[in-house]
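# Notes for the structure review
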Amino acid sequence: MDSQLNLSRKNNLQNRLGNRIGIIKLQLPFKFLISAFFLLSFTRLIFTTMYVDRLSGFNDLSQILWGGFRIDVATLFQILTVPYLLILLSLILPRLTSFVDRFTRWWCWSFLIILVLMECATPSFLFEYNARPNRLFFEYLSSPNEVAGMLLKGYFLQMLVAVVLVISSAWLTRSWLKSHDPIHSQRSIKNTLLLLLLIPVFFVAIRSGFQHRPINPAMVAFSQDRLLNTLPLNSTYSVLYAIYQMKNEASASELYGNIDSDRMIEIIRANMTKHAVFTDKNRPTLHTQKASFPFKKKNLIIVVEESLGAQFVGSLGGLPLTPNIDKWKEKSWFFNNLYATGTRSARGLEAITTGFLPSPARAVLKLPKAQSNFYTIAQSMREAGYENSFIYGGESHFDNMKGFFLANGFDFTIDQNDYKNPEFKGNWGVSDGDLFNNAIEYLNKPSDKPKFSLIFSSSNHTPFEYPDNKIEQYDKEKHTVNNAVKYADFALGKFLDELESNDMLKDSIVLVVADHDARVMGDEMVPINRFHIPGFIISEEVGQKVDDTLVSQIDLAPTLLSLLGIETATPMIGQDLTQIEADYQGRAVMQYANNQAYMTEDHIVYLQPEKKPIQYAIKSGNIDFSQAFIPDDTALAHAQFSSWAYNNEKYRLVE
């Protein structure tokens with residue numbers, strides 16, 4: 001009797017404490033997290049074992065497992081964010097507790113089945129496409145009959161096994177979920193604090209660390225092998241990320257109007273070099289042309305300067321901030337009239353390394369269909385026997401640079417994680433001085449192959465951080481764009497001087513070019529003056545000359561291949577500037593938000609969303625807005641080509 005009385009008193013006390021303090025039972029989300037993580041890790045090991053012959057060693061395995069851990073944690077915490085926020089809300093509105101409990105059960109169960117389904121679908125997808133399920137997975141849903149036939153005839157056994165596994169998992173987990181106690185979420189200070197303390201946990205887990213940008217596929221990419229780079233992902237994440245990326249695929253024809261594709265191709269070809277020999281009907285810009293110089297296995301060094309517009313370059317009429325660039329004007333092939341294709345680094349890198357025209361969509365570095373076999377100059381260099389590297393002072397996964405370059409011809413990347421004891425490290429990585437010191441060290445390493453190095457600076461970027469005691473400041477306040485430009489010029493000058501003093505220029509061709517201008521703004525449809533950038537080529541083949549030809553960034557890659565003596569098929573439509581005709585006027589294509597400009601020496605055409613193209617004359621270097629003209633289809637064809645070539649996967653060397 002006494003014992004029963006004591007037990008009753010104890011239960012009453014616990015009930016009173018429970019009502020006073022409140023209890024939150026998070027066993028279900030936690031068990032979902034553990035179960036799903038085990039599932040994804042287990043299947044990743046299976047898939048890695050299937051392709052173990054493609055691993056080059058233990059380092060590849062560790063990259064896959066560590067990258068997979070980070071991706072899985074980020075994925076699962078993103079999934080749990082919705083029930084977590086609802087549980088928080090139920091503290092404020094206790095009447096929602098029953099709904100939140102039912103929703104959490106449904107949510108966790110549904111996503112567990114989705115995870116199982118996607119992992120079951122992965123082996124066949126890996127075999128067929130050499131990658132985890134991606135945008136093709138849901139693009140094929142628009143052709144259900146064809147897909148069903150393909151699965152039944154080609155993958156019947158695999159499909160049967162997958163169906164059995166999914167149904168079994170659904171049944172077992174449904175019973176398992178029903179056995180869990182409901183989630184109680186009475187309002188109390190303790191409950192509120194407990195859940196609020198989980199906010200930083202979710203934040204760090206979803207971002208996978210404290211780095212500047214959340215985790216993405218480029219952050220876990222480590223190999224030139226496309227398949228190996230997809231193994232750290234899980235298939236649910238891979239598909240959802242592809243869906244997310246689709247928002248970047250704006251179509252030029254939908255914005256500016258449409259012309260017949262045959263007419264578009266005719267115009268594009270007519271405006272390409274007259275020396276082009278077209279080699280493929282299915283890829284209409286694929287062509288070969290004779291190089292201007294013999295092949296000598298010279299190194300190629302491309303230095304891309306961050307945010308360095310003509311407004312900062314004294315020899316281009318800007319501020320006196322670049323004495324080193326100005327000095328090289330007297331010792332290089334210097335372009336007085338060079339224009340960027342856009343306003344972002346990814347757009348500049350797109351033009352410089354691929355020769356691809358700009359579009360209203362994001363640069364191809366970030367678009368899913370460009371993550372394999374999309375043409376870059378590195379592919380031509382590899383065919384010619386070069387070792388290709390991307391050297392950066394910051395995080396190379398920014399703008400998906402690492403993922404794009406490794407998937408399209410580059411052998412490896414070097415970024416801020418590879419610098420030992422840098423002199424200076426700021427918000428955007430190590431200083432340009434550290435960057436160039438590392439580049440010199442790499443270029444000096446003995447190799448049986450010539451080297452192609454793409455070097456991308458970052459010091460001239462907000463918040464404009466750079467080492468002390470390197471320059472005489474232009475502005476009194478240190479952290480300004482003018483001082484950052486001056487430091488960037490100082491570091492570049494030191495690098496070029498070292499190449500020259502060590503006789504490395506004799507065996508190299510060097511391109512220095514800006515990715516875009518800083519402060520691209522204005523009320524014009526396209527602020528043309530803010531697209532004017534510096535660029536010059538150091539090469540014994542051409543020596544010194546100042547070139548007033550109107551040049552676009554898309555002309556640089558074809559010109560470099562010709563200087564190197566590399567004769568190969570490419571889809572690039574840019575001009576080889578070593579072989580232009582005497583009457584060639586030049587042109588520049590510039591993308592500014594959703595507007596695009598097509599400029600020649602005597603006119604400019606503006607393309608705007610849902611408006612007819614409009615043309616104005618250029619007189620004495622200034623746009624005459626007093627009279628508008630109806631343009632021909634040349635500007636529209638160039639705008640449409642980029643979207644067409646990307647969507648139809650025509651900008652590549654192989655089908």
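Just above sits the structure.
Residues numbered from 1 in each chain as written. Predicted model: local features only at pLDDT ≥ 70, side-chain atom pairs only at ≥ 80, totals over all residues. Heavy atoms only, no water.

Further remarks concern the overall build of the protein. Summing up its helical and strand segments, the protein has 22 helices and 20 strands in all. Within the protein, the fraction of its 655 residues that count as buried is 56%. The contacts of the protein with a sequence gap of at least 6 include a subset with a gap of at least 24, amounting to 72%. Carbon and sulfur atoms provide 57% of the accessible area of the protein, an area that totals close to 29,400 Å². (Helix = DSSP H or I, 4+ residues; strand = E, 2+ residues; numbered from the N terminus. Buried < 20%, exposed > 50% of the residue type's maximum accessible area, 1.4 Å probe, protein only. Contact = heavy atoms within 4.5 Å. Areas by Shrake-Rupley, 256 points an atom, 1.4 Å probe, with all protein chains shown as cover.)

Burial analysis of strand E11 (residues 508–514) places seven of its seven residues in the buried class, the great majority of the element. Side chains Ser 508, Val 510, Val 512 and Ala 514 of E11 all project onto a buried face; the interleaved residues Ile 509, Leu 511 and Val 513 project onto the opposite face, where all are buried too. In this structure, strand E3 (residues 299–305) lies alongside E11, joined through seven bridges in parallel fashion. When the bridges of E11 are listed, Leu 300 appears paired with Ile 509. Judged from the four bridges that link them, E11 and strand E13 (residues 535–538) form a sheet pairing that is antiparallel. By the bridge assignment, Val 513 is partnered in E13 with Gly 535. (Pairing = 2+ DSSP bridges.)

So, on to the nonpolar core. Of all hydrophobic cores here, the largest spans 119 residues; its most connected members are Phe 452, Phe 495, Leu 496 and Leu 499. Among all residues touching Phe 495, those that are not within four sequence positions of it are Ile 301, Val 303, Phe 436, Ala 439, Ile 440, Leu 443 and Ile 455. Counting 31 residues, the second-largest nonpolar core is a separate cluster that includes Phe 32, Leu 33, Ile 79 and Val 100. (Core = buried A, V, L, I, M, F, W, Y, C linked by side-chain atoms within 4.5 Å.)

Turning our eyes to something else, we now look at the pairing of strand E10 (residues 451–456). For E10, the buried fraction is high: six of the six residues fall into the buried class. Here E3 pairs with E10 via five bridges, running parallel. Bridge pairing in E10 links Leu 300 to Phe 452. For strand E6 (residues 387–392) and E10, the ladder comprises six bridges, and the chain directions are parallel. Opposite Ser 389, over in E10, you have Ser 453 as the bridge partner.

Counted by the stated rule, this structure contains 34 aromatic pairs. Geometrically, the ring pair formed by Trp 107 and Phe 111 is tilted, given 4.9 Å between the ring centres and 50° between the ring planes. Taken together, the positions of Trp 107 and Phe 111, both in helix H4 (residues 97–129) and four residues apart, correspond to about one turn of that helix. There is no split in this pair, since Trp 107 and Phe 111 are both buried. Where Tyr 466 meets Tyr 487, the ring centres are 5.6 Å apart and the plane angle is 15°; that geometry is what we call stacked. Residue Tyr 466 is found in the loop between E10 and helix H20 (481–501), and its partner Tyr 487 is found in helix H20; the two are separated by 21 residues along the sequence. This pair shows no difference in class: Tyr 466 is buried, exactly as Tyr 487 is. (Phe/Tyr/Trp six-rings, centres within 6.5 Å; stacked < 30°, edge-to-face > 60°.)

The next point concerns the pattern of salt bridges. For the structure on display, the rule yields 19 salt bridges. A salt bridge links Glu 541 to Lys 298; the shortest N-O distance between them is 3.1 Å. Residue Glu 541 is located in the loop between E13 and strand E14 (545–547), and its partner Lys 298 is located in the loop between strand E2 (287–288) and E3; the two are separated by 243 residues in the primary sequence. An identical accessibility class is assigned to Glu 541 and Lys 298; each is buried. Here Asp 411 and Arg 382 are joined by a salt bridge, their closest N and O atoms 3.6 Å apart. Highlighted residues: Asp 411 in the loop between helix H18 (401–407) and strand E7 (412–414) and Arg 382 in helix H17 (residues 377–383), separated in sequence by 29 residues. Exposure remark for Arg 382: the relative accessible area of 37% places this residue in the partly exposed category. A single network of salt bridges, built from pairs that share partners, joins Lys 298, Glu 540 and Glu 541. (Salt bridge = Lys/Arg side-chain N within 4 Å of Asp/Glu carboxyl O.)

This paragraph deals with the sheet that holds E6. The eight strands are arranged E7-E6-E10-E3-E11-E13-E4-E14 in an open sheet whose pairing can be described as mixed. Of all the strands in the sheet, the pair left with one neighbour each is E7 and E14. Recorded for the sheet is a direction-independent mean angle of 15° between the axes of neighbouring strands. Helix-sheet contacts for helix H19 (residues 432–444) involve E3, E6, E7 and E10, and the interaxial angle to E10 is about 175°. Sitting on the sheet, H20 is in contact with E3, E10, E11 and E13, with an inclination near 170° to E3. (Axes fitted to C-alpha atoms, helices over the stretch in contact; angles between N-to-C directions.)

Attention now goes to unusual backbone geometry. Backbone geometry follows two general trends: most residues other than glycine have a negative phi, and most peptide bonds adopt the trans configuration. At the junction of Thr 462 and Pro 463, the peptide bond is cis and its omega measures out at 15° in the coordinates. Take Pro 463: it is sitting in the loop between E10 and H20. In this structure, Ser 208 takes a positive phi of about 60° despite not being glycine. Following the sequence through the fold, Ser 208 ends up in the loop between helix H9 (198–207) and helix H10 (217–220). Ser 208 sits in the buried class, given a relative accessible area of 12%. At Asp 399, a residue that is not glycine, the phi angle is positive and equals roughly 55°. Counting through the fold element by element, Asp 399 comes out in the loop between E6 and H18.

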